[in-house]
Amino acid sequence: MYVNSPSYLKLRGQNLVSIGFLLFGYDIGYISGVTTADEFLKVFGYPNASLLGFIVSAYEVGAMFGALFQFLIGDRYGRKVGILGGTVVIFIGAVLQTSSFGLTQFLVGRVIAGLGLGAITTVIPVWLTECSIPKSRGRMMAMQLSNLIMGLIISNWLDYGMSKYPGSVMWRVPCAFQIVFCILILCYVPFLPESPRYLFSVGRKDQATHTLCALRAGFPEDPDIEKEIQEINYAIAVESEEVGSWSEVFKDNGISGFTRTMLSFVANFLQQMTGVNIMSSLGSYILQESVGLNHYDALLVSGGMQIFYFLSSIIPWFIIDRIGRRKLFMIGSAGMGSCMVMSAILVGIGTKACGYGAIVFLYIFQTFFTLGWQSNMWVYPSELMPLKLRLRGGAIAVISQWLFGFVVVEITPPMIDSINYKAYIIFAIFNFITIPIVYYCFPETSKRPLEVVDLLFADRDGKRPSIFRVVRDSTDKGYIEMIEKQLEERAEQNNADIMEEKEKLQHFENIDA
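These notes cover the structure that comes with them. For clarity, every value in this text was computed on a predicted model and none was experimentally measured.

Examining the overall build of the chain
Part 1: Within the chain, the secondary structure is distributed over 24 helices and zero strands.
Part 2: The buried share of the chain, taken over its 513 residues, is 58%.

Set out below in structure tokens:
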């Protein structure tokens, strides 16, 4: 019995999972400014457009393998260990990049840092989703993605501030600054709670209950907490009968594991094909080579774009859990596609005034991305996946993100060199194609308990439902209310069965005594 509600760092409730993506944002952003600087290019032999693209995208290669590593080790060590381990790897990669005097060492550092980032970006969305309450999961993730953009802002303005310094210090300081964020994470995360759902799944029930009470700012005997514990235990009991090794993400096995994994994979693929990474990782390059700005103006405009990006990212805090995942995906895609079309037209005309107009539409593009495909996409795979597959399925999804992020960043510099404004048309087409894919294939998960999402994919009349049926039911308010009641009844029955087993065991122990 607790006298006071449990706490971590004297904090209770959702504040506890408010760990930012600052390091993530900084790491993907700082390279944008340094790769257009003469001092950086001179050290590495003035690489051509293709090699420059690989210098930037080598990070994505490492991140892809970092996500793969998380896929292989799965839930063995918990969420916090995965974050701390990944941060140490990023630290090592940052040191290698900062001390580089040759291209090989810099590329190795980029890959190693990417390896760590791939690991932590797999774990953090899962950790946050499992700790948050259903009605605020989207907002919690939106806040974390605002932190990511703050990292981009810091990186862009540090690049701009260092651009006037002579010598290699102008790019080594931005490289080294990654270490500051690594130290903050290593000092902060050990004092935060582990995921209660993970703790329940490995049998650490007392610690799980303590953590859940801290996250909900309540007590074990509170009705809402008792109900949540029952539903988590019921989901674990059902999944433990049908789910086994890592290979289950590629099988159905009664929980539509493969279908849900592929939906997560496709969602990450579609996010990368919006074209957002060309502005995050290659913003200065695009503004110089495509729009026609000089180096300093490109850094300035890119820094201003990230501030606008951050301000836009605050909007989802207030609407993401009201409007729902599906509508925001489609609104975002329609807006981004339109912005890409207008940018193509204005860059194609080629006048200075049209160049400024293209910049305006690239700014607006960032707003539609934050509305539809930023925080919305990061929380979506973790909501889709069942508990036993959540980390491994999430790893497959993140592999998709980094794989196609690598492709986009790798091909963009030569694509801009060869076809210029037509590159924007390619990304516009992908954005418009995304709309019907989301409409027909993406179930609604907003405000749904994670265990209710499991029941959406359960058998109907002895048959596995098609994805079209799942999507249709996920938007049917009456059906959702029915399965929420069904979940509550099954959880109560499962809890009653457990209590009955305990009573029988106690009875036999008394007889033996």
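Thoughts on a nonpolar patch on the surface
Part 1: On the surface, Val 341, Met 342, Ile 345, Ile 349 and Phe 432 cluster together into a nonpolar patch covering about 400 Å² of accessible area.
Part 2: Ranked by the residues each element gives to the nonpolar patch, the list is headed by helix α17 (residues 325-349), at four residues.

A word on the pattern of salt bridges
Part 1: Inspection of every chain in the model, using the stated rule, returns six salt bridges.
Part 2: Where Glu 39 meets Lys 42, a salt bridge forms, and the shortest distance between an N and an O atom there is 3.8 Å. In this pair, Glu 39 and Lys 42 are both assigned in helix α2 (residues 38-43), three residues apart and thus about one turn of the helix distant.
Part 3: Where Glu 383 meets Arg 325, a salt bridge forms, and the shortest distance between an N and an O atom there is 2.8 Å. Within this pair, whereas Glu 383 is found in helix α19 (residues 375-384), its partner Arg 325 is found in helix α17, the two being separated by 58 residues in sequence.
Part 4: Three or more residues are tied together by salt bridges with common partners; here these are Asp 321, Arg 325 and Glu 383.

Things to note about the packing of α17 against α19
Part 1: α19 packs onto α17 with a crossing angle of 140° between their chain directions and a minimal axis gap of 11 Å. For α17 against α19, the interelement crossing comes out left-handed. Residues Arg 325, Leu 328 and Phe 329 of α17 touch α19, and the partners they reach there are Asn 376, Met 377, Val 379, Tyr 380 and Glu 383.
Part 2: Residue composition of the contact of α17 with α19, grouped by class: five nonpolar, one polar and two charged.

What to know about the environment of Thr 261
Part 1: Along the chain, Thr 261 falls in helix α12 (residues 257-272).
Part 2: Note on Thr 261: relative accessible area 0%, which makes it buried.
Part 3: When the C-alpha atoms of Thr 261 and Ser 382 are compared, they prove to be 10.0 Å apart, with 121 residues separating the residues in sequence.

Brief notes about the packing of aromatic side chains
Part 1: The tally for this structure, following the rule as stated, stands at 23 aromatic pairs.
Part 2: Where Trp 157 meets Tyr 160, the ring centres are 5.7 Å apart and the plane angle is 80°; that geometry is what we call edge-to-face. Taken together, the positions of Trp 157 and Tyr 160, both in helix α6 (residues 137-162) and three residues apart, correspond to about one turn of that helix.
Part 3: For Tyr 160, a relative accessible area of 23% puts it in the partly exposed group.
Part 4: When the centroid spacing of 6.3 Å and the interplanar angle of 80° are considered together, the rings of Phe 269 and Phe 430 count as edge-to-face. In this pair, Phe 269 sits in helix α12 while Phe 430 sits in helix α21 (residues 422-441), placing the two residues 161 residues apart along the sequence.
Part 5: Note on Phe 269: relative accessible area 21%, which makes it partly exposed.
Part 6: Taking relative accessible area as the criterion, Phe 430 reaches 27% and is therefore assigned partly exposed.
Part 7: Through successive ring pairs, a cluster of aromatic residues spans Tyr 26, Tyr 30, Phe 177 and Phe 181.
Part 8: The ring of Phe 101 carries Arg 172 above its face, with NZ or CZ at 4.2 Å from the centroid.
Part 9: The ring of Tyr 439 has Arg 326 sitting right over it, with the charged end atom 5.5 Å from the ring centre.

Some details on the environment of Tyr 26
Part 1: Here Tyr 26 is to be found in helix α1 (residues 22-34).
Part 2: Remark: the alpha-carbon pair of Tyr 26 and Ile 149, spanning 123 residues in sequence, is separated by 8.1 Å.
Part 3: In this structure, Tyr 26 is in contact with Gly 151, Leu 152, Ile 154, Ser 155, Leu 158, Val 173, Pro 174, Phe 177, Gln 178 and Phe 181, ignoring residues within four places of it in sequence.
Part 4: A polar atom in the side chain of Tyr 26 sits 2.5 Å from the backbone oxygen of Pro 174.

Here we look at the environment of Glu 39
Part 1: Since its relative accessible area comes to 24%, Glu 39 is described here as partly exposed.
Part 2: Sequence separation between Glu 39 and Ser 168 is 129 residues, and the spatial gap between their C-alpha atoms is 5.9 Å.

Looking at unusual backbone geometry
Part 1: The phi torsion at Tyr 46 lies on the positive side, around 50°, for a residue other than glycine.
Part 2: The residue Tyr 46 is located in the loop between α2 and α3 (49-73) in this model.
Part 3: On the accessibility criterion, Tyr 46 (47% relative accessible area) is partly exposed.
Part 4: Despite not being glycine, Lys 447 has its phi angle at roughly 65°, a positive value.
Part 5: Mapped onto the elements, Lys 447 comes out in the loop between α21 and α22 (450-456).

What counts and how
- Residues numbered from 1 in each chain as written.
- Predicted model: local features only at pLDDT ≥ 70, side-chain atom pairs only at ≥ 80, totals over all residues.
- Heavy atoms only, no water.
- Helix = DSSP H or I, 4+ residues; strand = E, 2+ residues; numbered from the N terminus.
- Buried < 20%, exposed > 50% of the residue type's maximum accessible area, 1.4 Å probe, protein only.
- Patch = residues over 30% accessible without salt bridge, like charges linked within 9 Å, V, L, I, M, F, W, Y side chains within 5 Å.
- Areas by Shrake-Rupley, 256 points an atom, 1.4 Å probe, with all protein chains shown as cover.
- Salt bridge = Lys/Arg side-chain N within 4 Å of Asp/Glu carboxyl O.
- Axes fitted to C-alpha atoms, helices over the stretch in contact; angles between N-to-C directions.
- Left-handed = near helix turned anticlockwise from the far one by under 90°.
- Contact = heavy atoms within 4.5 Å.
- Nonpolar A, V, L, I, M, F, W, Y, C, P; charged D, E, K, R; others polar.
- Phe/Tyr/Trp six-rings, centres within 6.5 Å; stacked < 30°, edge-to-face > 60°.
- Lys NZ or Arg CZ within 6 Å of the ring centre and 35° of its normal.
- Polar contact = N/O pair within 3.5 Å; in protein donor to acceptor, adjacent residues only side chain to side chain.

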